[in-house]
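# A structural walkthrough
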Amino acid sequence: MQNTFAVSPLRSIQTQVSVAVLVIFLATLWTLSFYATKILLQDTERLLGEHQFAAVSFVAANINDELDDRLKALTTIAGAISPAILNNAQALNTFLEQRQLLQNLFNAGVLVLGLDGVVVAEAPRSAERVGMNYMNRDTIAAALKEGKTSIGTPVVGKKFKTPVFGMTVPIRDAQGKVIGALAGVTNLGVPNFLSFLFRSQSGVGTSYLLVSPSTRQIINATDNKRVMERLPPPGVNALLDRFIQGYEGSGVTVNPWEQEVLASAKGIPAAGWYLAATLPTQEAFAPIVSMRDRMVLATVLLTLLASGLTWWMVRRQLAPMLAASQTLASMADASMAAQLLPVGRHDEIGQLIGGFNRVVTALAQRERALVDSERQLADVMENVETFVYIKDLQGRYLFANRALCESFGVPMGEIVGHDDSKFLDDATVEKLRRNDHIVFLQGETVRADETVVRHLSGRVQRFSTVKVPLRDADGVIYALWGISTDITERSHMEDELRIGAIAFECQEGMIVTDAKGVILRTNDSFTRIMGYSNAEVVGKTTAFIGSDRHPAGFCDELWNAAKRVGTWQAEVWTLRKNGEVFPQWMTGTAVKNTHGDITHYVITHIDITDRKQQETQRLQDEAAHRTVLVREVHHRIKNNLQGIVGLLRQYSRRHPEMSDTINQAISQVQGISVVHGLQGHAVTSSVRLCELTGAIADEIRSLWQTPVVVDIPSCWTPCVIAEREAVPVALILNELILNAVKHGGKAHGRVDISVRKGAQADVVQISIVNHGQLSATSQQPGALHSGLQLIASLMPRSGCILCTEQQGDLVVTLLALEPPVISLDPPGPA
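Predicted model, so just to flag it, every value in this text is computed and none were measured. (Residues numbered from 1 in each chain as written. Predicted model: local features only at pLDDT ≥ 70, side-chain atom pairs only at ≥ 80, totals over all residues. Heavy atoms only, no water.)

### Let's talk about the overall build of the protein chain
Defined as follows: Secondary structure elements are defined from DSSP: runs of H or I of at least 4 residues count as helices, runs of E of at least 2 residues count as strands, and each element is numbered from the N terminus. Exposure classes here rest on a 1.4 Å probe applied to the protein chains alone. A residue is buried below 20% of its type maximum, exposed above 50%, and partly exposed in between. In this description, contact between two residues means that some pair of their heavy atoms is separated by no more than 4.5 Å.
Broken down by element type, the protein chain carries 22 helices and 29 strands. The buried share among the 830 residues of the protein chain stands at 40%. Counting contacts in the protein chain only where the partners sit at least 6 residues apart, residues at least 24 apart contribute 54% of the total.

Right under this line is the structure:
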């Protein structure tokens, strides 16, 4: 038999421990090696850079001093040249030849130039440059035009055909005016003071470059081939760009020959140049590279040595464990019972093997007891008809008895390890898990009725279930034990009894439907009310008894209410079998099972035709009674107001001096009285505008003994005043007509009132005309007398416009009324 416990050499503890130790050792060793090499390179680069920068600074200082000395010498000699000497060529040549120091300082000679830049003398004397114009040289132009002392940019000389550069100082007269220039020329193509300095400071591999930043050009170099060489444009070499921008220091870069070099630069202030020194890093870091190679070799040797020692030590220490594992593997291959293993060494591995032996002994004892117990339990489980099962904390089956396996139609091997989702639908699984969680989380025994739906067949069953928590030796719940008894048939019988009790205990018409609204049965009251027998309606929905009195979707809203809140009530117009449409009061109730799922609907209905007729008659009687009562109230208010008017008239007769004021009050009270009089005579409490206008005019005509003529067209559509605006409009009309009588109507014999339609159909205009003149202040708010102030306070916020204008010797007042103050009344006599 194949050894199922055989371990691959790559997966053995010996190999894994050896590899782990080696990996840690090698990672540490190689990391240390690379880190040390990197630090050495960085320190070497820093130290060499500092040394190189010190050297280049020294050479740059010497060059700067040499340039300063030459400029000072030129300045001294230029100060000794007077205008007389400058204008005498012979004397000037003699003067220059006597100054041998200048010729020693400048290997290409000394020139004296006039203001026009033409050479007038030179030393050593030669006829080649005398008469030549050098005004195009920057240093010559700076001295002659600006009076500046400067060092020029190197150029290829006209005489020597090699790179030269000049130093020029101005020659001034006694007043300080520039009269010429003295220039010293250095030929870079032959030995000069710069090349001498380079040779004296050059080391092995070190090269010097004297650079003009303004022209990006090499002035002089250790390698003569690079003299006058143009440097790369900006952006090509970052370190070179930093040197040109004025940076003084060291760095690593790549030269034009793609060679990595260590470079340092130092500025030369006298000329605006800088001196650079370069050294190939291959030469600079040669000792460090050699040391790194030796460290790598030592690391490799140590790696090999550590690997061998680690392998040998681990193999020696794990030998007893390897022997024990081989013994166990042979027991498994031979299907032998577990036996005690020999303990060869009293160390940690010996303790491990001893502990294994004790576990084997205890397991053998427990196994014998467990076999006996399992045999007894299996006999019980296999012979009961109820479902017995065990589930773990994740809801997976650990055990299922014969009855449950037969119910699911699979052997126990296909049940164990799976949960309920393999056999039942999702809704059922969710409900079962809730009960399972109560057992697991609360540790309580659950007794409940559970409805299950098979996943494939859709079969619905109900079970009476008991679920008990199972605990280990420490009291921790690790599973549940459940027993479920099929009570499907009993539940059906209970549903039938519950439906029958609800349906036939009522005297109203009754309809019982299933959850989809299909009629299952009706009672005798339904047949009596609707005219249909039970056989005619079973299997149909309730849609056939509906009428067209309700909007679309009305019935759907009722069904949705039953599903949402469990019941609905509504007045519904239904259709009898004989075609009669009549009202019923209907109530729908949802019937639910113990889990809250709707299984049926019960609809009760009562014929409310008589009730509707009685309600209609009651409303009509109440309306008639209210109309009589309201008319009586208006009539009594009018009588009381007329009584007040009588009292005011008596007071007026006793106090003639107050008759005008009292008459005005009488007129206002009569206006209100007219409104209540009209409301008391009308069938409804509405007041027509034309009737109100005529009645107020009559009262004022009678009170003030002045003709008031009201003109209303014979063909007139009456307008009704809004009930809440009737009194304010009456008072406004009373004040307007009274003002017309008092301010001209009484004196001239009459006041004319006309009622006409406005520009729009729902607008009415009342025009009041009297003789008189409007005062100059009549339109000012402060000038209004009490009557007009009353009108202003009574004016409705909308639907009423008042204006007054002078037309010759007539005053015309226009009152325009429109909705919402008035509304059109059905056609009738005005």
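### Brief notes about the pairing of strand E7 (residues 207-212)
Formally: Should DSSP find at least two bridges between two strands, the strands are taken to pair.
Within E7, 5 of the 6 residues are buried, which leaves it mostly tucked inside the rest of the structure. Of the strand pairs in this sheet, E7 and strand E11 (residues 273-280) are connected by 5 bridges, and their pairing is antiparallel. Following the sheet pairing, leucine 209 is matched in E11 by alanine 276. By the bridge criterion, 4 bridges tie E7 to strand E8 (residues 217-221) in an arrangement that is antiparallel. Bridge pairing in E8 links serine 212 to glutamine 217. Between the antiparallel neighbours E7 and E8 lie 4 residues, among them arginine 216 with a positive phi of about 50°.

### Remarks on helix H11 (residues 348-383)
The α-helix advances 3.6 residues per turn, and as a result positions three or four apart in sequence lie on the same side. Rules: Each helix should span, by expectation, one fewer than its residue count multiplied by 1.5 Å.
Its 36 residues give H11 an end-to-end C-alpha distance of 51 Å, which sits within 8% of 52 Å, the value for a rise of 1.5 Å per residue. Among the residues making up H11, those that are buried are Ile349, Gly350, Ile353, Gly354, Asn357, Val360 and Met381.

### Focus: helix H3 (residues 89-97)
Formally: Working definition: the arc comes from the directions between the helix axis and the C-beta atoms, pointing outward to the latter. Any N or O atom pair separated by 3.5 Å or less is treated as a polar contact, with the protein-specific requirement of one donor-capable and one acceptor-capable atom, and with residues adjacent in sequence counted only for side-chain atom pairs.
Of all the positions in H3, only Leu92, Asn93, Phe95 and Leu96 are classed as buried. Here the buried residues of H3 occupy an arc of 160° about the axis, which is enough to place them on one side. Regarding H3, its N-cap is asparagine 88, as a side-chain oxygen of that residue lies 3.2 Å from the backbone nitrogen of glutamine 90 further along.

### Details of the sheet that holds strand E21 (residues 598-607)
In plain terms, the rule: A fitted line through C-alpha atoms represents every axis, and for helices the fit uses only the stretch in contact; the resulting angles, taken between N-to-C directions, go from 0 to 180 degrees.
Overall, antiparallel pairing links the 5 strands, which are arranged E18-E17-E21-E20-E19 in an open sheet. In this open sheet, the two edge strands, each paired with only one partner strand, are strand E18 (519-522) and strand E19 (567-575). The sheet shows a mean angle of 25° between the axes of neighbouring strands, taken without regard to direction. Relative to E18, strand E17 (residues 509-514) runs antiparallel, the two being bridged by 3 bridges. Bridge pairing links valine 512 to arginine 521 in E18.

### As for the confidence of the model for the protein chain
The cut-off we apply is this: pLDDT gives the predictor's per-residue confidence on a scale running from 0 to 100.
Residue-level pLDDT values for the protein chain average 81, and 88% of them are 70 or greater. Contacts of residues 1-5 to residues separated by more than four positions or lying in other chains number 9 contacts, the stretch itself having pLDDT below 50. Scored below 50 in pLDDT, residues 779-784 shows 5 contacts in the model against residues more than four places distant or in partner chains.

### Looking at the pattern of salt bridges
Definition in use: Here a salt bridge means any side-chain nitrogen of Lys or Arg lying within 4 Å of a carboxyl oxygen belonging to Asp or Glu.
Tallied over the entire structure, the rule returns 24 salt bridges. Here lysine 391 and aspartate 436 are joined by a salt bridge, their closest N and O atoms 3.3 Å apart. Placement of the pair is lysine 391 in strand E12 (residues 387-392) and aspartate 436 in helix H13 (residues 426-442), with a sequence separation of 45 residues. This pair shows no difference in class: lysine 391 is buried, exactly as aspartate 436 is. Among the ionic pairs, aspartate 698 bridges to arginine 701, the shortest N-O distance being 2.5 Å. Linking aspartate 698 with arginine 701, this pair stays in helix H20 (residues 689-704), spanning 3 residues, or about one helical turn. For arginine 701, a relative accessible area of 29% gives the class partly exposed.

### Remarks on a nonpolar patch on the surface
Here is the rule: Only residues whose relative accessible area exceeds 30% and that take part in no salt bridge are eligible for patches, with like-charged residues grouped when within 9 Å of each other and nonpolar side chains (Val, Leu, Ile, Met, Phe, Trp, Tyr) grouped when within 5 Å. Note on areas: Shrake-Rupley with a 1.4 Å probe; residue coverage comes only from the protein chains shown.
Among the surface-exposed residues, Phe25, Leu302, Leu305 and Leu309 lie close enough to one another that they form a single nonpolar patch of about 370 Å² accessible area. Here the nonpolar patch takes 3 residues from helix H9 (residues 286-317), the largest share from any one element. Looking at where leucine 309 falls in the secondary structure, it is placed in helix H9.

### What to know about the sheet that holds strand E16 (residues 477-486)
Taken together, 5 strands build an open sheet; the order of strands is E13-E12-E16-E15-E14 and the sheet is antiparallel. Strand pairing shows two members of the sheet lacking a second neighbour, strand E13 (397-400) and strand E14 (446-453), which therefore form its edges. Strand-to-strand, the axes of this sheet are offset by a mean angle of 30°, without reference to chain direction. Judged from the 8 bridges that link them, E14 and strand E15 (residues 460-471) form a sheet pairing that is antiparallel. Within E15, the residue paired with alanine 448 across the bridge is threonine 465. On the sheet, H13 packs against E12, E14, E15 and E16 and is oriented at approximately 160° with respect to E14.

### Topic: unusual backbone geometry
Cis rather than trans, the peptide bond between alanine 123 and proline 124 has omega equal to -5°. Along the chain, the position of proline 124 falls in the loop between strand E2 (119-123) and helix H5 (138-146). For the peptide bond that leads from proline 819 to proline 820, omega is 10°, which places it in the cis range. Here proline 820 lies in the loop between strand E28 (810-817) and strand E29 (822-824). A positive phi angle is found at arginine 216, which is not glycine, with a value near 50°. Following the sequence through the fold, arginine 216 ends up in the loop between E7 and E8.

### Side note on the packing of aromatic side chains
The test is simple: Only Phe, Tyr and Trp rings take part, Trp by its six-membered ring, and two of them pair if their centres are within 6.5 Å. Stacked means planes under 30 degrees apart, edge-to-face means over 60, and tilted covers everything else. Only when the NZ atom of a Lys or the CZ atom of an Arg is both within 6 Å of the ring centre and within 35 degrees of the ring normal do we say a charge sits over the ring.
Evaluation of the coordinates by the stated rule reveals 9 aromatic pairs. Judged by centre distance (5.4 Å) and plane angle (80°), the ring pair of phenylalanine 165 and tryptophan 273 falls under edge-to-face. Linking phenylalanine 165 in strand E5 (residues 163-172) with tryptophan 273 in strand E11, this pair joins segments that are 108 residues apart in sequence. By relative accessible area, which is 5% here, tryptophan 273 ends up buried. Taken together through their ring pairs, the aromatic side chains of Tyr389, Tyr397, Phe408 and Phe423 make up a single cluster. A cation over a ring is seen here: arginine 70 above phenylalanine 193, with NZ or CZ 3.9 Å from the ring centre. For the cation-ring pair, arginine 549 lies above tryptophan 573, with the distance from its terminal atom to the ring centre recorded as 4.2 Å.

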